[in-house]
Structures are given as C-alpha cells and as structure tokens.
Amino acid sequence: MVVRAHSSAAGALALLSEPDIVFKQHALKALNQLVPQFWAEISEHIALIESLYEFEELPKEVRDIAALLASKVYYYLGEYEEALSFALGAGNAFQAEARTYDAKEYVETVVSKAIDRYIHLRSDEASSGSKIEARLQFIIEAIFQRCIDEGEYKQAIGIALESRRLDIISQIYELTNDVSLLCYAMEIVLDTGFSLSYRDQILKHLSPLFPPPSQSNSTHMLALVRLHVTLNNPSTTVSLLSSLVPKEKLVAYQFAFDLVEGGARDFLEGVRKDLPQGKDETKEIFEKLRNILGGEETVKLYLEFLKRNNKVDMLILKHSRDALEPRSSIYHSALMLQNAFMHAGTTSDVFLRENLEWLGMATNWAKFSTAASLGVIHKGYFQQGMNILGPYLPQTGTESQIQGAAYSEGGALYALGMINAYGGGQTVDYLRESLRNSQNEVVQHGAALGLGIAGMGSRSTDAYDDLKETLFSDSAVAGEAAGYAMGLIMLGSASQARADEMITYARETQHEKIIRGVAMGLAFVFYGRQEEADDTIRLLLAEKDPILRYGGVYTLALAYAGTSNNDAVRRMLHIAVSDTSDDVRRAAVISLAFLLFKSPGQVPRIVQLLSESYNPHVRCGATLALGIACAGTGMQDAVQILEPMTKDGVDFVRQGAFIALGMILVQQSESSSPSMASTRALYAKVTSDKHEDPMARLGAALGQGFIDAGGRNVTISLQSRAGTRNTSAIVGMTLFCQFWYWYPLAHCACLAFEPTAMIGLNEDLKVPKFDFVSNARPSLFAYPAPATPPKKETAAKMVTAVLSTTAKVKAREKKKAAADHESMDTDEKAEVRKDADVEMKTEEAAPPSRRKAESTSEKLANFSRVTPVQLGYVSFPPDGRYRPVRPVTSNVLHPKASKGAHSQTTKKGLASERYAGGGGILILVDEHPDEEAEFIELQPPAPPADAPSASGVPNGNANVADRPLHIAVDSNSAEADPPEPFEYPFDS
C-alpha cells in the first residue's frame, strides 16, 4: 500500500485545539515532520504553539516538542534569534533532533547562533557581570565535549578563545600534550582583531603551558619568541632565560638572538638589566646573553655578511650615471638613492669616490641627500660612524662659512642617525647637542631626523623636549623634521598628553610642512596600540584640514599594523573612494599594505579594482600598496596588476609601478620569476630614455635600487622570522612613503632591509666553517648574471658590386695569365660564372650544444645567502659535524617540489615565516667537540679612504665574476698616435 503524500497540515493543526493531551502530542509530532513542507501554513498558528509550550499543566515532553516546533517555524521564517530561544527551551527534544540527518541544516544554524549568543554574553559578563542561562551553557558545554570527543581540537580552541573560555584550552592541552595546538591558539590571537587587554590575558595564560625549549624539543621556539616579544614583559622572559642556564645555554643563546630580531628596544633593554649576574659557572653565560640582547652581535654579523657577499653590478650604476643628467636635482637624487639602496649595509662607497666630479655638481638639497646616502651605505657600522662622517659633520660651537656646507652637515647628521638605527648610545647625545647648538634650519632638519631614527622607541623625555623646542621655533624646514622625530622618540607610547600637545600645535601653525610632520608623528605615537588609538583616529579623520586627515589615515594604519582588522580595512576602503583630498585617498590605499602585510595573498584581490580607478592618485596608492605588502614574495598576481601600470598615462602612477615591481622582485631569480628579465630591461630602457618624464625615470632608478638592494643580499620584510611585527621596517616604509613630499625621506627605506643570511655560531659565538645543503636547483635561487656592457655598433663593410661584363673581362685576363699553369686552369674556370654577380657566402651555423642536466641540489657554506623561500629546501647533512639547536624553518618543502617552487609560493597561502628575512643567526651543536674546528675570521670593514686610490678595486667589495673585455674597433677610423717616449721605473 502506497502512503499518500500530504497536501496540507490543516488536519494536524486542528488536533492542537483538542482538549485531550494525547491528541495534542500526536499533532505536535506530526507537525514536526511537516514543517519543512508546510511551514508557511503552520506559521499562522504560531501563537497557539507558543501557548502550548508555556502551558505548565502539559507534560514536559509535550512542551519540549512544542518548543522545537516553534523553533523550526521561526527558523524557516528567518527569525534566527527566536528560533534559538525556543530551541533552548526544547531541551531533550532538540538533542534528539540533532541526531537526525534530515535536520542537519536547521541544527547547524541554531548551534551557530547559540555560539554567537554565548560569545556575546561572555563578553558582556566580563564587563558587566551578567549571568548566562543554564540551558545555553548546557548546549555550549555539549558542543565543546563533542569537539574534543571527535578530535576537532582547533574548532574547540577557536570557540573557546572567542567566548573567553581559556580553561578549555588548558583542558585540551592536558589531554593531548600537543604544543602545535598552543601555537595555533597563539597565532589566532595575534593575527586577528582581539583587543589588547584580552590578547595579553590570553598570552599570559598560554605562557606557562608552553614547555621550556631544549635541544631535543625546540620546534616551538619561534612561537615562544613571538609570544614573549608580543607580551613585552621582561620579567617573564628573564625567568625563562634563567631556567635555561646552564644546562641549555645554547638554546638560551638562540632564544636571545631570535628576541633581538623582533623585540622592541625598551623590552630588550629591560631584559638585559633584569638578567642575573650569575655565579662562577653561569657568569660568563649571562654576560654573553647581555651582549647578544644589546643587538651589537647581530649587527656585526650581518655587516660582515653583507660585506663578504656584496654582488653589486657596477655596470648598472654606470649606465644610470651616464643616462641621468647630473645638473638636474631630481636626477642627481635618483642616482644617489639607487646607489645607496644597492650598497646598503655593504660599507662600499667606491662608486661615490670614483665619481667625485659628478657628485660635485650637487647643489642644496641634492647635496643633503648625497651626504645622507652614506648613512644607508654604512648602516650598522656604528663603530666607525663618526670617523666616516667626520669631514662632513658640523664643527663644535661654530657655524661653517662655506657656501652650501649646511646641506652636507645636515645630511651627515641624518646619515649618523641611520648608521646607529639599531642603538643610539652616545650618538643620541651628540645629535641632541647638534640640534641645540645649531641655528641653521637645514642642520636642524638633519639633526632632528637623525635623532628620531637613532632614538626610535626610546621614549626619552629629554630628547622629546629638545625636539619640541625646535618645533616651537616655527621654522617650516626644521619643524617638519621635529614633528617626525617626536613621534619616533615616543613610538608606541600612546601618550595622550603628548598627542594633545601635538594636535594643538598643528591646528595653530600655518606651515603645511609642520602640520604634515606633526600628523605623521601622531601616527608613530599610537603605533601598535589598536583600540587605544580609536579616539585620536576619530578626531583626526573628522578634521577639516586634509593634512590632519592624512595623519589620521596613517594613525589608523600603524595602530592596527599587521592585524588585518576588518573594521580598519573597511574604513580605509571607504576613505579611499570618498574623501575630497587626493592625498588622503592615496594614503588610504597605501595604508592597506600596513594592515595586510601578514596576508600578502589577499592584497592583489583587494587592490585590483582600485588599480583601475579613474583617479590617478588612487592608482598610485594601489601600486605602492602592492609593493609594500607583497615585498620580496615575487607574487605573480601582483606583478600582473603592476605591469600594465608601467604604461599608465600619468607619470607618478608609472613611478609607483616601477618602485613596486622592484620591491616585489627583490631577490627573485629568472628561474623563479618569469617577469625578472623583462623588468630589468624595462628599468634600463626607462632610465636611459631622455624623452621619458623625470618622475618615471626616478621611479625606475629607485626600482632598480630595490631589486638589487644591499648587494643583492637583503629582502624587504615588515615582519620578523618569528612572525612578529618588524618595527623598524614598518617605520622605515612609512617614512619612505613620504618621499612624495620630500625626497630625502626615501633613504629611510633601508630600515626595512633584512639580510637573508645563514650564519652559524658555536657555543663560544665563533663562526665555524661548515656546509649545508639546499635541496633545489641552483638556478632557482642564484644571483642574477652580471650585466654586459652594450656593444658599440660599427658599420659593416659592404661588398663592392661587380658588373657581369667586368667579371667576364677579368676572367679572360686571368685565363691568359694562367695558360702556363695548367694545374690552376680548372680552378679559374670554376671561378668564372656566366652572367652572375659575386656570390656572398655565409658561414654555416654551428650545431646546438647539448645542455648539461642541472643538479638538483647544491652545497652552501656558512655565511651564504639563503632567500626566504629557499629556507624550505635547506637541510643539514645527518653525518655532518654541526646541527642547529632549532629547526631552520617550520615550512619544509619536498625536494621534488623545486621545479614548481615559484607557483607554490605565489598561489598557496604560506605561513608568515616564508616571507620573512632569510635563515638568520643559528646556534650550532657540535657533534664532535673533541676534534679541532676551523673558524672564519671576522674582519671589520676598513673605513673609506679620503680619495679614490689607483689600486682600488673597481667594484668595491663586490665579488663579480671576471668578465671578458668587449672592444669595438671602427675599421674606418684613423689610427691612434703612438705613445710619447717614456722611461719605465724598473727599480721601483
């Protein structure tokens, strides 16, 4: 017998009005099955169903079914909150429904709404102390238990973090002892929009759960470093380091080096001061830890790496020098910036010394920029900073009377700050004294910028007061730099009193330069402070002055830097399309990069439409946003957006596209990036094209500087290896973006350069000789091939045309002359061809040579360059003498994947570490301590000579392969005169 399909729910609905409870129960059960089909009809009787649920004389089972029926009806009506309320009242009936397959969608929706309500109520409970009803608590506890029983630990951790149930995380870890789950919880907290107070609460809860690292268990060390750097609590870090000494001293050294990579200056200084002095056995260990935390060891090792591996191609610089007109200030600055970036940190200033005449053409601010470029070249060489810049620094107590000397003095002070960007020390005192003693606004400008960079994040009240005094002098040039520097000194302090003081002065002054400097200073004050900056952001974005709104945009960007905060991104996009000022709109688009740099794969998708905007300022902002967020990734999605923009009709859009391409393709090879060769050719073409706009040629020069930055041994990274924000890099890129108004600020991009070095140290912090393996094709991560000089085109000799009649006459004459030589007669006949011109023979093409198969791996030595993507292919030989105390990277790639390495790194969302700077400094365990070890001697780079010497290496410290000499000879030109007589000094 076939069951007839229902055409209406009227019959069951009629039974609800029957007085007998049995009929009511039967009707409710029947209606529960009919709801998906007849929910519209049943909804007309929802009041009756609700009354049955509230009728206390009915058995609980019947009331539960009534509540479940009401919940389903509201679900189909789209009233999810009402559906949840009745589902909570359904009790066991809802639990039984959850086990049926047909109701899966309904149950999942109600459960998700229950979780949302629980999270909301838990947040209110934390603030107002309101209680949560037991029925909702019961459902949530059941959800947690089900997740744990089914092994869905990450899902449970996500709900626990949102609902502030940290006890669940502890329960899961006690059950599994899986450290990766703690790392997962920490990453969720740091990479999503949790408030600062709750974030610190979670980190303090997680910190004791992490097991202390050891040589046998160090996989979570980078996560632990990230936790401590973010928590910024010196006492917690000191207790961890102390627990590692002396048994795990190698791990302690490694932990200290990793802290220096991403830790704030005040945090590192606090850890140094709080470290115990130690006793006989531990005194030396703690002393080494203090030296490491001071940062000088790290800077010294990276400086040596950049010097040893300098691969700058001087032909590129010479090409730019010959193409750019030195008497134009913009072209002079372009070449100085290109040279500074390409030699950043290498201490090789040979290009400057070989082109003194060219440099002498600099005037005024071009001279300032030239002197400042020395700071980029010698960045980190703080031992000799004063000696290198000595000839250019202002003399104590006197004003120079030489015309234009103030510009070189100001630039030298600015350079001194960049050299000491990783620790001011006595330099800060010298810069403060120079700022106070000078009355020249150009010198004050350089001293203020140098003081801000050298004292970044120190929060020194004395330095701040000196800068404030300069600001109040109301000099536009000096005041702008003072505004920037005040923010840098108070970086991340969120001092409301300082902020109010700066806003008040910005409203009073009439100088746009000062307003801009102060507005950007405010952004630095609230760096990383998230919701604590909201009031100031709201105030600045509501200002009528577009320059203050411009500062408000950067305040929002830096306050939420690296958080990918949805509200911040939404506000930026709204400003980018609605503000009345082009400058503010451009800044809003650029600022997306600072919010999203930890998720570079998202940026091309977000910026795609903005890159096609009718407004050229928005398009320009889109180029820099792509460049900064995707820097060093070689991401093809970003390159494909930028390549058409290099042909944009507006010069500054093309400029931004050239710069962004250089940032993205830094340290990419032609094997890993198909756009590499074409981009280099484009730079050479634009730089040498005298009909191209000056701004575009400047952009091409800067892009070339970025693509070969630091002797081709640095990348651009806004985050550290452990995944924390790289403060100096973020500040440097923010200041670089201000080159739109002031070219000398472009030098600050060097603060974002991260050496991609693999440096191994033993327990004595010496550098042993050892090899490790890169399990990828060498060409995939090779240095670019050296450029070849263009061949001079010479006019080829044309073959003289010979008439056929003339050829016949000559042939007859030859025949008569050869009559006596019969042996040659045959040859002569063959040579003469009837009615034919002279035949031109061509050489046969040589058969193509067969390429050798490229090796699938290569050995690299200590102090080698290892690019961020290459880290996944690095391994240490199992039979080797040394092994690192912690893994080189957590993202190990299979050797067979080397062919598609580029596609993997561009298409997949990789961990943040993949985009950070190279292998870094690794402490090594010596497996054969009894054997004698060989060490690499570290020699500090010698200070540059006052003038170029005849024996100077033409390429500085660069180890460029020997190139054949290309000489083009014009055969039609007259021969050169012979040399004059001379005597050779054989005895000398």
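Keep in mind that this is a model prediction, so the values were computed, not measured. (Residues numbered from 1 in each chain as written. Predicted model: local features only at pLDDT ≥ 70, side-chain atom pairs only at ≥ 80, totals over all residues. Heavy atoms only, no water.)

## Some remarks on the overall build of the chain
Item 1. Scanning the chain from terminus to terminus reveals 46 helices and 9 strands.
Item 2. A separation of at least 24 residues holds for 75% of the contacts in the chain among residues at least 6 apart in sequence.
Item 3. When the accessible surface of the chain is summed, it comes to about 45800 Å², and 50% of that surface belongs to carbon and sulfur atoms. (Helix = DSSP H or I, 4+ residues; strand = E, 2+ residues; numbered from the N terminus. Contact = heavy atoms within 4.5 Å. Areas by Shrake-Rupley, 256 points an atom, 1.4 Å probe, with all protein chains shown as cover.)

## Quick word on the sheet that holds strand β5 (residues 858–861)
Remark on secondary structure: sheet strands pair via backbone hydrogen bonds, oriented parallel or antiparallel.
Item 1. A sheet is described by the order of its strands in space; here 3 strands give the open sequence β5-β4-β7, paired in antiparallel fashion. Each edge of the open sheet carries a strand with a single partner, namely β5 and β7 (874–875).
Item 2. Summarising the sheet, strand β4 (residues 771–774) and β7 pair through 2 bridges and their orientation is antiparallel. Bridging across to β7, Ser774 finds its partner in Val874. (Pairing = 2+ DSSP bridges.)

## Observations concerning the packing of aromatic side chains
Item 1. Under the definition given, this model contains 29 aromatic pairs.
Item 2. With a centroid separation of 6.0 Å and 50° between ring planes, the pair formed by Tyr75 and Tyr80 is classed as tilted.
Item 3. An aromatic cluster of three or more residues is present, and its members are Trp39, Tyr75, Tyr76, Tyr80, Phe94 and Tyr106.
Item 4. Across from the ring centre of Tyr464, 4.4 Å away, lies the NZ or CZ of Arg498, which sits over that ring.
Item 5. One cation-aromatic arrangement involves Arg865 over Tyr783; the distance from NZ or CZ to the ring centre is 4.1 Å. (Phe/Tyr/Trp six-rings, centres within 6.5 Å; stacked < 30°, edge-to-face > 60°. Lys NZ or Arg CZ within 6 Å of the ring centre and 35° of its normal.)

## A short note on the pairing of β4
Item 1. Where β4 and β5 come together, 4 bridges link them in antiparallel fashion. Paired with Val773 across the two strands is Lys859, which belongs to β5.

## Looking at the pattern of salt bridges
Item 1. Under the counting rule described, the total for this entry stands at 34 salt bridges.
Item 2. Here Glu934 and Lys769 are joined by a salt bridge, their closest N and O atoms 3.9 Å apart. On the criterion of sequence distance, the pair formed by Glu934 in the segment after β9 (920–926) and Lys769 in the loop between β3 (757–761) and β4 is long-range, its members being 165 residues apart.
Item 3. Looking at Glu934, the relative accessible area reads 55%, which means it is exposed.
Item 4. A single salt-bridge network, built from bridges that share partners, covers Glu141, Arg165 and Asp167. (Salt bridge = Lys/Arg side-chain N within 4 Å of Asp/Glu carboxyl O. Buried < 20%, exposed > 50% of the residue type's maximum accessible area, 1.4 Å probe, protein only.)

## Some remarks on helix α17 (residues 283–293)
Item 1. Those residues of α17 that fall on the buried side of the exposure criterion are Ile285, Phe286, Lys288, Leu289, Arg290, Ile292 and Leu293.
Item 2. At its buried positions, α17 is contacted by α14 (234–244), α15 (249–262), α16 (265–274) and α18 (296–308).

## Some remarks on the nonpolar core
Item 1. Leu161, Phe594 and Met733 are the most contacted members of the largest nonpolar core, which totals 293 residues.
Item 2. Residues within four places of Leu161 in sequence aside, it is in contact with Leu166, Ile169, Ala185, Ile188, Val189, Phe194, Tyr198 and Ile202.
Item 3. If you look at the next biggest cluster of nonpolar residues, it comprises 13 residues, including Met758, Val874, Phe876 and Leu922. (Core = buried A, V, L, I, M, F, W, Y, C linked by side-chain atoms within 4.5 Å.)

## So, the environment of Ile419
Item 1. Tracing the sequence through the fold places Ile419 in helix α25 (residues 405–419).
Item 2. Excluding residues that lie within four positions of it along the chain, Ile419 makes contacts with Gly375, His378, Lys379, Gly380, Tyr381, Phe382, Gly385 and Leu389.

## Observations regarding unusual backbone geometry
Item 1. Following Val245, the chain continues into Pro246 via a peptide bond in cis, with omega recorded as 0°.
Item 2. Its place among the elements puts Pro246 in the loop between α14 and α15.
Item 3. For Asn232, which is not a glycine, the phi torsion comes out positive at approximately 55°.
Item 4. With phi around 60°, Leu765 is a residue other than glycine that occupies positive phi space.
Item 5. Turning to its location among the elements, Leu765 is positioned in the loop between β3 and β4.
Item 6. You can call Leu765 buried: its relative accessible area is 16%.

## Considering the side chain of Gln530
Item 1. Among the secondary structure elements, Gln530 is positioned in the loop between α31 (512–525) and α32 (534–541).
Item 2. Those residues in contact with Gln530 that sit more than four places away from it in its chain are Phe194, Ser195, Leu196, Arg199, Ala559, Tyr560 and Thr563.

## Focus: the packing of helix α28 (residues 461–472) against helix α29 (residues 476–489)
Item 1. Where α28 meets α29, the closest approach of the two axes is 8 Å, and the angle between their N-to-C directions is 155°. By the angle between their directions, the pair α28 and α29 is classed as roughly antiparallel. For the pair α28 and α29, the crossing hand works out as left-handed. Between α28 and α29, the contacting residues are Ala463, Tyr464, Leu467, Lys468, Thr470 and Leu471 on the first element and Ala478, Gly479, Ala482, Gly483, Ala485, Met486 and Ile489 on the second. (Axes fitted to C-alpha atoms, helices over the stretch in contact; angles between N-to-C directions. Parallel < 35°, antiparallel > 145°, perpendicular 65-115°, else oblique. Left-handed = near helix turned anticlockwise from the far one by under 90°.)

## A word on the packing of helix α3 (residues 46–54) against helix α4 (residues 60–77)
Between two packed helices, the angle of one axis relative to the other and the distance separating the axes together describe the packing.
Item 1. At a closest axis distance of 8 Å, the pairing of α3 and α4 adopts a crossing angle of 145°. Every pair of crossing elements has a handedness; the one defined by α3 and α4 is left-handed. The residues of α4 that touch α3, namely those facing Ile46, Ile49, Glu50, Leu52 and Tyr53, are Arg63, Ala66, Ala67, Leu69, Ala70, Val73 and Tyr74.
Item 2. Considered class by class, the residues forming the contact of α3 with α4 number 10 nonpolar, no polar and 2 charged. (Nonpolar A, V, L, I, M, F, W, Y, C, P; charged D, E, K, R; others polar.)

## Thoughts on the side chain of Asp466
Item 1. For Asp466, the location among the structural elements is in helix α28.
Item 2. Taking relative accessible area as the criterion, Asp466 reaches 11% and is therefore assigned buried.

## Some remarks on the sheet that holds β9
Item 1. Strand order in the open sheet formed by 4 strands is β6-β3-β9-β8, and the pairing between neighbours is mixed. Strands at the two margins of the open sheet, each flanked by one partner only, are β6 (864–865) and β8 (882–884).
Item 2. In this structure, β3 lies alongside β9, joined through 4 bridges in parallel fashion. From the neighbouring strand, Met758 faces β9, where its bridge partner is Gly920.
Item 3. Helix-sheet contacts for α15 involve β3 and β9, and the interaxial angle to β9 is about 175°.
Item 4. In this fold α18 packs onto β3, β6 and β9, with an angle of close to 125° to the strand it touches most, β3.

## Quick notes on α16
Item 1. Along α16, the positions that sit buried rather than exposed are Phe267, Leu268, Gly270 and Val271. Here the buried residues of α16 occupy an arc of 160° about the axis, which is enough to place them on one side.
Item 2. Residues of α16 that are buried make contact with α13 (221–231), α14, α15 and α17. (Arc of directions from axis to C-beta.)

## Digging into the confidence of the model for the chain
Item 1. Across the chain, the average pLDDT comes to 83, with 84% of residues at or above 70.
Item 2. Across residues 823–846 the pLDDT falls below 50, and counting only partners more than four positions away or on other chains, this stretch makes 12 contacts in the model.
Item 3. Confidence over residues 943–974 falls short of pLDDT 50; this stretch has 46 contacts with residues more than four positions distant or in other chains. (pLDDT = per-residue confidence, 0-100.)

## Regarding the state of the cysteines
Item 1. Scanning all chains against the criterion turns up 0 disulfides.
Item 2. In this structure Cys750 is a free cysteine whose sulfur lies 6.8 Å from that of Cys748, the closest cysteine sulfur available.
Item 3. By relative accessible area, which is 0% here, Cys750 ends up buried. (Disulfide = S-S within 2.5 Å.)

## A few points about the environment of Tyr430
Item 1. If you trace the backbone, Tyr430 turns up in helix α26 (residues 426–437).
Item 2. Between the C-alpha atom of Tyr430 and that of Leu416, which follows or precedes it by 14 residues, the distance is 9.8 Å.
Item 3. In this structure, Tyr430 is in contact with Met386, Leu393, Pro394, Leu413 and Leu416, ignoring residues within four places of it in sequence.

## So, the environment of Ser578
Item 1. Positionally, Ser578 belongs in helix α34 (residues 566–578).
Item 2. From its side chain, Ser578 meets the backbone oxygen of His574 in a polar contact 2.5 Å long. (Polar contact = N/O pair within 3.5 Å; in protein donor to acceptor, adjacent residues only side chain to side chain.)

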